[in-house]
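Here are the chains, one letter per residue:
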Amino acid sequence: MKDHKVMWLNATEELRETGRWALSVACAPGLDRDALVEAAGLRSKSYCASDVETIREASFDVEPDETPHALLMLGPAPDEVPESWLVNAALWDAVRVLFHGPYPNPGYAGGQP
């Protein structure tokens, strides 16, 4: 359930900032997982990974932004920010199964869990 709440927080922040119902993700063609984590400056102790093909096969889309940033599009934006991640529990379940891990972050220097 922790993953679900983190995804909800990420999506609601994106909705408030840009009006798009999406998850902020790292994505860059040709980079392996560790190189992508390094390029993205990920500071957490671990991360989960997927690939664009898997995400698109599940009827979601990935829109590139400034490399290595992209948006995993969740569908049409709701009219208002949902009050709880529980409102979209089925959505978070559908997204979570697309990711594998967690994997240890090779560049973790402490700080965030």
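Whatever comes next refers back to the structure up there.
Because the structure is a prediction, the values reported are computed rather than measured.

Colleague: If you had to explain the pattern of salt bridges to someone new, which residues and values would you point to?
Modeller: Tallied over the entire structure, the rule returns three salt bridges. Among the salt bridges present, the one from Arg20 reaches Glu63, with a minimum N-O distance of 2.1 Å. One end of the pair, Arg20, is in the loop between α1 (2-18) and β1 (22-26); the other, Glu63, is in strand β3 (residues 61-64), with 43 residues separating them in the sequence. Using a relative accessible area of 31% as the deciding quantity, one classes Arg20 as partly exposed.

Colleague: Break down the packing of aromatic side chains for me, with residues and values.
Modeller: How two aromatic rings sit relative to each other is given by the distance of their centres and the angle of their planes. Enumeration over the complete set of coordinates arrives at two aromatic pairs. With a centroid separation of 5.7 Å and an interplanar angle of 40 degrees, the aromatic rings of Tyr47 and Tyr103 are classed as tilted. Linking Tyr47 in strand β2 (residues 46-49) with Tyr103 in strand β5 (residues 100-104), this pair joins segments that are 56 residues apart in sequence. Looking at Tyr47, the relative accessible area reads 9%, which means it is buried. The class for Tyr103 is partly exposed, based on a relative accessible area of 22%.

Calculation rules
Residues numbered from 1 in each chain as written. Predicted model: local features only at pLDDT ≥ 70, side-chain atom pairs only at ≥ 80, totals over all residues. Heavy atoms only, no water. Salt bridge = Lys/Arg side-chain N within 4 Å of Asp/Glu carboxyl O. Helix = DSSP H or I, 4+ residues; strand = E, 2+ residues; numbered from the N terminus. Buried < 20%, exposed > 50% of the residue type's maximum accessible area, 1.4 Å probe, protein only. Phe/Tyr/Trp six-rings, centres within 6.5 Å; stacked < 30°, edge-to-face > 60°.

None of this, on its own, says anything about what the molecule does.
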